[in-house]
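# Notes for the structure review
Okay, here's what each chain looks like letter by letter:
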Amino acid sequence: MRIGMVGLGRMGGNMVLRLIRGGHEVVAYGRDAATVDASVAQGALPAHSLDELVAQLPVPRTIWLMVPAGAATEGVISSLTALVARNDLIVDGGNSYYKESMRRAAALAARGVLYADCGTSGGIWGLKEGYSLMLGATPEAAERLKPVLRTLAPAPDRGWAHVGPNGAGHFVKMVHNGIEYALMQAYAEGFELMQRKSEFKLDLPQIAEVWQTGSVVRSWLLDLTAAALKENPALGGIAPYVEDSGEGRWTAIEGIELGVSLPTISLALFERFNSRNRDSFAYKILAAMRNQFGGHAIRKEKV
C-alpha cells in the first residue's frame, strides 16, 4: 500500500526504510529537509509540506505520525485535520498520553476521520529486528493497517496486536515503558553492587556476557548492557544523569488513580529523578542502556 510518514527521526526514518523493503510505497515528510532527502535516497517519495504529502496519497489515505508527544503531535494532527477527508486514517505511532489519544480519536471521528494510536517499541534496532506494535483502533482502522503492521513487526504473525479501542494502544505502551523503567533499574543496581565489591576485581563486561546465555535474567536489555560495558567498561565520560520521557510518570499516576500498587515502577521513576542530584555507577548504566536501545543522548561527564 502507499502510506504517508510524518516524522523522519531515529525511528521514523528507519520505519520508512523497513516499509519500502517490505514492498510498500512511502511518501515521506519531515521538518528537516535533510531527513526527507535521506528517505528519498532509500526509495521514498518526497513531500516538503503536509499539503504535498496529502496530495500524493490515494483515498482513503493512511498517514502515520512519528513525532514527539505533546505539542508537536497536537500541531501536526491539527494541521492534517484541515487537509484530510472522510475515511482517511491518521495513526499516532509516538508516545502520546493515552487520554490525549482518546480525545483526538473522538474529535476526528466527529469529522468522519479514522484515528489509531499505535504504541511502538524497538528504538534504533527496529529496522533490523522489527518493531513491537500495540494498536488501539476501531476494527475498520485495524483491518486497514494490517499490511503495514505485518511489515513493521518482527514477523507477519507475531510482535503486533490490535489490543483494544482507541487509547488502548498508547495505554499498553505506557505500561510497557513503566516496566522497562523497573527492569533497567534492577540491572543498574546489580551492576553497581558488583562494581563496588572492589576486592573481587569483577570483570563486569565478562559477567554481562555470561548472563546472556542460559541465565534466568537474560533479556534484550541485558544484551544492550553487555554491549555498553564492552564498549566502555568503566563507563567513562558518561554523566550519571538519567532522563525520563513521561511514560513512567503516567504509569505511576495511573496506579494512584486506579488504586493499584506499583512500588517497583514508581521507585524506578524516583531513582531517575535522584540521578540528577548525585553520582552513581548505576545511573551511568541506566544512561548507557537508554543510549543503546533508543539512541537517547548521553550527558557527558564534567572533567
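Our structure is the block above this text.
Notes on the structure follow. (Residues numbered from 1 in each chain as written. Predicted model: local features only at pLDDT ≥ 70, side-chain atom pairs only at ≥ 80, totals over all residues. Heavy atoms only, no water.)

## Concerning the nonpolar core
- The biggest cluster of nonpolar side chains holds 30 residues, and the ones touching the most others in it are Met5, Trp64, Leu133, Leu135, Leu145, Leu149 and Leu152.
- Elements supplying a minimum of two residues to this core: β1 (2–6), α1 (12–21), β2 (25–29), β5 (89–92), β6 (114–121), β7 (132–136) and α7 (139–152).
- Broken down by element, the residue count for this core peaks at six residues, all from α7.
- The next biggest cluster of nonpolar side chains, apart from the first, holds 26 residues, and it includes Leu221, Ala226, Phe281 and Tyr283. (Core = buried A, V, L, I, M, F, W, Y, C linked by side-chain atoms within 4.5 Å. Buried < 20%, exposed > 50% of the residue type's maximum accessible area, 1.4 Å probe, protein only. Helix = DSSP H or I, 4+ residues; strand = E, 2+ residues; numbered from the N terminus.)

## Considerations on the pairing of β6
- With eight of its eight residues buried, β6 lies for the most part within the structure.
- Taking every second residue as pointing to the same face, both faces of β6 are buried, with Leu114, Ala116, Cys118 and Thr120 on one and Tyr115, Asp117, Gly119 and Ser121 on the other.
- Two strands pair when backbone bridges link them, and β5 and β6 are joined in this way by four bridges, in the parallel orientation. Note on β6: the bridge partner recorded for Leu89 is Leu114.
- Handedness of the crossover is the feature at issue here: the chain leaves β5, passes through helix α5 (residues 98–109), returns alongside β6, and the resulting connection is right-handed.
- In this sheet, β7 lies alongside β6 in antiparallel orientation, the contact comprising five bridges. Directly across from Cys118, in β7, lies its bridge partner Leu135. (Pairing = 2+ DSSP bridges. Right-handed = clockwise from strand over helix to strand, strands pointing away.)

## Points about the pattern of salt bridges
- The full count for this structure, using the stated rule, is 15 salt bridges.
- Residues participating in the shared-partner salt-bridge network are Glu74, Asp92, Glu100, Arg103 and Arg104. (Salt bridge = Lys/Arg side-chain N within 4 Å of Asp/Glu carboxyl O.)

## Structural notes on the environment of Gly164
- By the secondary structure assignment, Gly164 is in strand β8 (residues 160–164).
- Of the residues examined, Gly164 reaches a relative accessible area of 14% and is grouped as buried.
- For Gly164 and Pro139, which are 25 residues apart along the polypeptide, the C-alpha to C-alpha distance reads 9.0 Å.
- Dropping the residues within four chain positions of it, Gly164 is found in contact with Leu135, Gly136 and Ala137. (Contact = heavy atoms within 4.5 Å.)

## Some thoughts on the sheet that holds β8
- Spatially, the eight strands line up as an open sheet ordered β3-β2-β1-β4-β5-β6-β7-β8, and their pairing is mixed. Both outer strands of the open sheet, β3 (45–46) and β8, are each paired with one neighbouring strand and no more.
- Lying over the sheet, helix α4 (residues 71–81) contacts β1, β4 (62–65), β5 and β6, oriented at roughly 165 degrees with respect to β4.
- The strands touched by helix α8 (residues 168–196) within the sheet are β5, β6, β7 and β8, with β6 carrying the most contacts at an inclination of about 15 degrees. (Axes fitted to C-alpha atoms, helices over the stretch in contact; angles between N-to-C directions.)

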